[in-house]
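A look at the structure
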Amino acid sequence: MDPLTIEQFKTALPAKVKKSINQKLIDKINATLSDPEMYEQYRENLVSYANVMDDGRFKVSNYIDAVKYVSHKLRGVTNIRAYSMTFPDEIQRFTAQQVAPKDIASYVTAYNKSKLVNLILEQTLTPSWI
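Keep in mind the model is a prediction, meaning the values are calculated, not measured. (Residues numbered from 1 in each chain as written. Predicted model: local features only at pLDDT ≥ 70, side-chain atom pairs only at ≥ 80, totals over all residues. Heavy atoms only, no water.)

A few words on the environment of S106. Checked against the element boundaries, S106 lands in helix 8 (residues 101–112). When its relative accessible area of 45% is taken as the criterion, S106 is described as partly exposed. Put simply, S106 and F58 are 48 residues apart on the chain and 22 Å apart in space, counted from C-alpha to C-alpha. (Helix = DSSP H or I, 4+ residues; strand = E, 2+ residues; numbered from the N terminus. Buried < 20%, exposed > 50% of the residue type's maximum accessible area, 1.4 Å probe, protein only.)

The following block contains the structure:
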């Protein structure tokens, strides 16, 4: 399991966003890729769904998080579990601030309905006629 390089990731991205790729983002990707359960699916998804970045409306860091979230969702976990695995620090902060579970569920629902997440989810759908 070789770490992803800046050059490898840039080849999958639209020209508009290539300049925003830096070592910190690659380190974040490689940290997720270090999980053997997620390695193959996450790496493939990062490259496969990069076309959602074509219009340049999204930050690459948000794209990376959304792909991680969707990758967990595709494994069949619940929205809250996928969010917790994608944003463990956020869940820890909610817990420390004693945010009510129903409020956490609202944040998760909002994230799940976000434009970027839905654009990526649309990419995962296979037409029924294939």
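Although it is not a glycine, Q98 sits at a positive phi angle of roughly 55°. The residue Q98 is located in the loop between helix 7 (88–96) and helix 8 in this model. The exposure class of Q98 is exposed, given its relative accessible area of 71%.

If you look at the biggest cluster of nonpolar residues, it comprises 38 residues, and the most contacted ones within it are F9, I29, Y63 and I120. With 7 residues, helix 5 (residues 60–74) is the largest single contributor of residues to this core. In this structure F9 touches L4, I21, I26, I29, L46, V60 and Y63, once residues within four positions along its chain are discounted. (Core = buried A, V, L, I, M, F, W, Y, C linked by side-chain atoms within 4.5 Å. Contact = heavy atoms within 4.5 Å.)

The next thing to look at is the environment of K73. Structurally, K73 can be placed in helix 5. Residue classification places K73 among the partly exposed positions, given a relative accessible area of 24%. Setting aside its immediate chain neighbours within four residues, K73 contacts T78, N79, A82 and N112.

A word on the side chain of N30. Tracing the sequence through the fold places N30 in helix 3 (residues 23–33). Separated by 2.7 Å, the side chain of N30 and the backbone nitrogen of L4 make a polar contact. When sequence neighbours within four positions are dropped, the list of residues in contact with N30 reads P3 and L4. (Polar contact = N/O pair within 3.5 Å; in protein donor to acceptor, adjacent residues only side chain to side chain.)

So, on to the environment of L46. For L46, the position within the fold is in helix 4 (residues 39–48). On a C-alpha basis, the gap between L46 and A82 in space is 16 Å, while along the polypeptide they are 36 residues apart. If near-sequence neighbours (up to four positions away) are discounted, L46 is found in contact with F9, I29, Y63, I64 and V67.

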